[in-house]
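Listed below, chain by chain, are the residues.
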Amino acid sequence: MSLQRQMTFWALALVILIVSLLVLQDVLLPFIAAFALAYLLDPLADRLERMGMSRLAATIVILCFFLLLFIAGLVLLAPLLSQQFAGLVARLPADAAKLQALVMERGAPMLEKLGGSKLAEDAQSSLGTLVADATKWVAGLLQSLWSGGTAIVGLFSLLVLTPVIAFYLLIDWDRMVRTVDGWLPLDHRETIRGLLREMDTSISGFLRGQALVCVLLGGFYAVGLTLAGVNFGALIGIISGFLSFIPYVGSLTGLVLSVGVATVQFWPDWVMPAVTLSIFLAGQFLEGNILQPKLVGDSIGVHPVWLMFALLAFGSLFGFVGLLLAVPLAAIIGVLARFALRQYLQSQFYHGGDVARAAAIHTQDDVAR
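Residues numbered from 1 in each chain as written. Predicted model: local features only at pLDDT ≥ 70, side-chain atom pairs only at ≥ 80, totals over all residues. Heavy atoms only, no water.

1. Concerning the overall build of the protein chain
Heads up, the condition is: The helix and strand labels rest on DSSP assignments: H or I over at least four residues marks a helix, E over at least two residues marks a strand, and numbering proceeds from the N terminus. Per-residue accessibility, obtained with a 1.4 Å probe over protein chains only, is compared with the maximum for each type, and a residue is labelled buried under 20%, exposed over 50%, and partly exposed between these values. Note on contacts: a residue pair is in contact if any heavy atoms of the two residues lie within 4.5 Å. Only the protein chains shown count as covering a residue, and every accessible area follows the Shrake-Rupley method with a 1.4 Å probe.
Check the secondary structure of the protein chain and you find 13 helices and zero strands. From first element to last, N terminus to C terminus, the protein chain shows the α and β order α-α-α-α-α-α-α-α-α-α-α-α-α. Considering the protein chain as a whole, with its 369 residues, one finds that 32% of them fall into the buried category. Of the contacts formed within the protein chain by residues at least 6 apart in sequence, a portion of 70% connects residues at least 24 apart. Split by element, the accessible area of the protein chain, about 22400 Å² in all, is 72% carbon and sulfur.

Right under this line is the structure:
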């Protein structure tokens, strides 16, 4: 098969995949969540098999333990989080207005010195409009998530269907891998296997490590803010931990929310807002110097800027399903991009006609490294 026909085939396959995701994104969530769950739990199932258990028994044990752990966490946390969520939705407009008044109270004298009373009035009007619009949008979004029937149905399907689908996927995981491996083109099988192993290393290392980082950070922030007496501390902490999946977004979101809430709650005392700030600074030190290097490292091989772009781009295209797919797809694209770059650096497009000499140079460089 010529290179042109191969490129046409894979481009057509990519177009079909993207169109399928766009058309089916509303029903894909439980299937993607189940696939990710089976992918993450497969090494544990393999280990239990090596210990003498059958695949069926290993799958049942793993999923039962996972479901018990999930249900226990849900029973313990759901009442507290639901109460705090409802309270945050109800108090958000008033807290935002109070925070705006505090900012203008401290900032107006400085603005009057810089540009007169006209500048202070314009700044207050612009800030009021901005805060009102942002508060209305956030409150509407939270309220729709809280009471929307579609969200409830989606959550129900996620909680009910995901374990069932994951059960069947986990039982047949090794057989599916062997089947797909048998479909690989014979002429390029070893090259594709090498790329797939590199993708697997990147994706699995990042997902398992980052998931543990999110859980630990969410627990740290939730406990710290709750002990500090910050309103909605457990909810803000868990939101911050969950959003830590996106580099810098989780910590920044939690910092703004918690410091804003603490400022409104404890004003004019600055001690507790400073304590709240110190909690997030400690969390950032813990994440950057201990959790990330130990649990994640450089497993994904993707720059944080590219990762943030992938999350925003795929989230915009495919919604929450896109957020779930963003990290694996970013890792896959990164592996393919590095492979394409290696091929280019060994080709005549880079070195002219002396491809053999180029390959020898790269072989020497690899040995030296």
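Moving on from the model shown.
2. Observations concerning a nonpolar patch on the surface
As a reminder of what qualifies: Patch members must show over 30% relative accessible area and no salt bridge, and they are joined within 9 Å when carrying like charges or within 5 Å when they are nonpolar side chains of Val, Leu, Ile, Met, Phe, Trp or Tyr. Definition used for salt bridges: Asp or Glu carboxyl oxygen within 4 Å of a side-chain nitrogen of Lys or Arg.
Taken together, the side chains of Leu14, Val15, Leu17, Ile18, Val19, Leu22, Val23, Leu24, Val27 and Leu317 define a hydrophobic patch exposed on the protein surface, amounting to about 880 Å² of accessible area. Looking at the nonpolar patch element by element, the count peaks at eight residues for helix 1 (residues 3–24). You can see Leu317 is positioned in helix 10 (residues 304–318). Judged by its relative accessible area of 51%, Leu317 is exposed.

3. Considerations on the confidence of the model for the protein chain
To keep it simple, the criterion reads: pLDDT expresses how confident the predictor is about each individual residue, on a scale running from 0 to 100.
Per-residue confidence for the protein chain gives a mean pLDDT of 76, with 75% of residues at or over 70. Mean pLDDT values for the elements of the protein chain range from 53 in helix 13 (residues 355–368) up to 89 in helix 5 (residues 173–183).

4. Notes on the pattern of salt bridges
Following the criterion strictly, the structure yields eight salt bridges and no others. With its nearest N and O atoms 2.9 Å apart, the salt bridge here joins Glu49 to Arg55. According to the relative accessible area criterion, Arg55 is buried, its value standing at 11%. Residues Asp181 and Arg193 are paired through a salt bridge, measuring 2.7 Å at the closest nitrogen-oxygen approach. One end of the pair, Asp181, is in helix 5; the other, Arg193, is in helix 6 (residues 189–227), with twelve residues separating them in the sequence. Taking the relative accessible area as the measure of exposure, Arg193 reaches 22% and is therefore partly exposed.

5. Let's talk about the packing of aromatic side chains
The geometry of an aromatic ring pair comes down to the distance between the two centres and the angle between the two planes. To keep it simple, the criterion reads: Two rings belonging to Phe, Tyr or Trp (six-membered ring only in the last case) form a pair when the distance between their centres is within 6.5 Å. Interplanar angles under 30 degrees mark stacking, angles over 60 mark edge-to-face geometry, and anything in between is tilted.
In this structure the tally under the stated criterion is five aromatic pairs. Relative to Tyr168, the ring of Phe167 lies with its centre 5.4 Å away and its plane at 80 degrees, an arrangement referred to as edge-to-face. Clustering of aromatic rings is evident, with ring pairs tying together Phe35, Tyr39 and Trp173.

6. Details of the environment of Ala34
Here Ala34 shows up in helix 2 (residues 29–50). A C-alpha to C-alpha distance of 8.2 Å links Ala34 and Leu161, two positions 127 residues apart in sequence. The contacts of Ala34, once residues within four sequence positions are left out, are Thr162, Ile165, Ala166 and Leu169.

7. Overview of helix 10
Helical geometry: 3.6 residues make up each α-helical turn, so side chains three or four residues apart lie on a common side. Applied cut-off: Between the first and last residue of a helix there are one fewer steps than residues, each counted as 1.5 Å, and that sum is the expected span. This arc is taken over the directions from the axis of the helix to the C-beta atoms.
Helix length check: helix 10, at 15 residues, gives a terminal C-alpha distance of 21 Å against a target of 21 Å (1.5 Å per residue), a fit within 8%. Burial in helix 10 covers these residues: Leu307, Ala310, Leu311, Phe314, Gly315 and Phe318. Here the buried residues of helix 10 occupy an arc of 115 degrees about the axis, which is enough to place them on one side. In helix 10, the exposed residues that point more than 90 degrees away from the buried face are Val305, Phe309, Leu312, Ser316 and Leu317. Where helix 10 ends, the next residue or the one after it, Gly319, has phi of about 70 degrees, a positive value.

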